[in-house]
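The residues making up each chain are set out below.
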Amino acid sequence: MKMNNSTDPTNDQPGTNVFTFYNNHSHSVIIDQVVTPIFYVIGLPANPLSAYIWLNRKTRANNSSAIYLGALSISHVIFLLFHILQELRYAWDIKTYDGHISCEIFNMLFCIPQYLAPLLVLGFTVERYIAVCHPFKKARYCTVKRAEMVVVCLLVTCLLISTLQAYFWTYDEVHQICNHRPEIQNGDFLLLWTWLTELLLFGVAPLAALIFNILVIREIHILTSGGPAHTGSSGGSSQASTATLLCVSFYLICTWLPYTVIYSLSNEFPIGDFSLTTQEVQRDATWQRHFVYNTIRVIVQEITLSNSACYFFIYYATGKHFRDSVHEILCPKKCIATTNRNHLAKQYIAVSKSSHLNGTVATCV
């Protein structure tokens, strides 16, 4: 489901400004304006840094998971950049991509990173399942070259699926907004295609990832309960990598599935009559149900948006190599050396005081 703040303008009356209408009657616009920029501030610097760490030569050597995570970080950067254009249009009423050709191109390109993210997560979840549950097949399937091939194939698949969006969308000169083409609005193809892609990419893919995660956790529990002899000498680093990937996968599931459910209920809360006065809108049951639903949808949508901004914190909390790389980039060696010297100095002072209190003479070795 394409994360879109728009309301179907075909229900609008000519001359009615949808943005002004919702701003006057619903809190959803304010939520968008306040919360969304926070994720831009987090995600736009954090995702490029994550991509740089995962895709540098040292990290990706013999680490196929780094290819998936690096591609995921790049996908999130692109998504956030496109999302800014959409946010300006629907949360701030600033025209960005409204126009012939630009409308079609934007909606096609905007879908690609959205489609790609859950497939990348599913890809490295399956890979981790093979590495943990079928270790003898790891050397064959869990390689950097194969990971690169899978990422390219997934990208091409998402590109092909997204091309139809260029046909679905066009510039509506009557309402001066991007809208679905009139010839397909009343047909079944658009509805069927939308539900098919949404259920497969944002329903089946996360659920499949959940199943593979459960199998991985079950296998890890069996291995760890068997003691060090079962986990092997490299069990610690392998489990750390598995912890990172499991956290990423579960985070996607927890943020995307609720929005998929909310999105599927949209037809149950239709838009009311735009021709009603302000007082009539406040008393109209259809509009009030729609406003409550729309506010909940926007809140869940913001939680989903965090999926494209906050993976950095998961990487930092669960991955020692990633954490060390961040420290090397953000804190130069000179700074680290100064910190170490200060730490040693504090230790010396503490030892000196302890020795003096014990009646001994402290010496500097």
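Along each chain, residue indices are assigned from 1 in the same order as the chain's sequence is written. In keeping with the model being predicted, local features are shown solely for residues with a pLDDT of at least 70 and side-chain atom pairs are shown and tallied solely at 80 or more, while totals for entire chains, interfaces and linings include all residues. As a convention, hydrogens and water are excluded, and side-chain values are obtained from all of the structure's heavy atoms.

**Student:** Looking at this model, I keep getting lost on the packing of aromatic side chains. Mind explaining?
**Tutor:** For any pair of aromatic rings, geometry is given as the distance between the ring centres together with the angle between the planes. Ring pairs shown here join Phe, Tyr and Trp side chains whose ring centres sit within 6.5 Å, with only the six-membered ring taken for Trp; geometry is labelled stacked below 30 degrees between planes, edge-to-face above 60, and tilted in between. The tally for this structure, following the rule as stated, stands at 25 aromatic pairs. Between the aromatic rings of W54 and Y315, the centroid separation amounts to 5.3 Å while the plane-to-plane angle is 85 degrees, which identifies the pairing as edge-to-face. Of this pair, W54 sits in helix α2 (residues 28–55) while Y315 sits in helix α14 (residues 311–318), and the two are 261 residues apart along the sequence. According to the relative accessible area criterion, W54 is buried, its value standing at 9%. The class of Y315 is buried, set by a relative accessible area of 1%. Aromatic rings pair up to connect W54, Y251, Y311, F312, F313, Y315, Y316 and F322 into one cluster. Over the ring of Y90 we find R89; its NZ or CZ atom is 5.7 Å from the centre of that ring. Put simply, DSSP H or I for four residues or longer makes a helix, DSSP E for two residues or longer makes a strand, and each gets a number counted from the N terminus. Note on classification: 1.4 Å probe, protein chains only; a residue is buried when its accessible area is under 20% of the maximum for its type, exposed when over 50%, partly exposed between these limits. Both a distance and an angle decide whether a charge sits over a ring: NZ of Lys or CZ of Arg must be within 6 Å of the ring centre and within 35 degrees of the ring normal.

**Student:** Help me out: how do you make sense of the state of the cysteines in this one?
**Tutor:** By definition, disulfides here are pairs of cysteine sulfur atoms that lie within 2.5 Å. Tallied over the entire structure, the rule returns one disulfide. Between C103 and C178 runs a disulfide, and the two sulfur atoms are separated by 1.9 Å. Highlighted residues: C103 in helix α5 (residues 102–133) and C178 in strand β2 (residues 177–180), separated in sequence by 75 residues. Residue class for C103 comes out buried when judged on its relative accessible area of 0%.

**Student:** I keep staring at α14 and nothing clicks. Help me out?
**Tutor:** Among the residues making up α14, those that are buried are Y311, F312, I314 and Y315. Viewed along the axis of α14, the buried residues span an arc of 160 degrees, placing them on a single side of the element. Think of the arc as the fan of directions from the helix axis to the C-beta atoms.

**Student:** Just to check I follow, could you spell out the UniProt feature "transmembrane region" (unreviewed entry) in the protein for this structure?
**Tutor:** UniProt positions are given in the numbering used here, feature names are shortened, and annotations may be inferred rather than shown by experiment. Taken from the UniProt record, the annotation "transmembrane region" (unreviewed entry) applies to residues 34–55, 67–85, 105–126, 147–170 and 190–216. As annotated, residues 105–126 comprises 100% helix and 0% strand, and the C-alpha atoms at either end are separated by 32 Å. Secondary structure over residues 190–216 splits into 100% helix and 0% strand, and the C-alpha atoms at its two ends are 38 Å apart.

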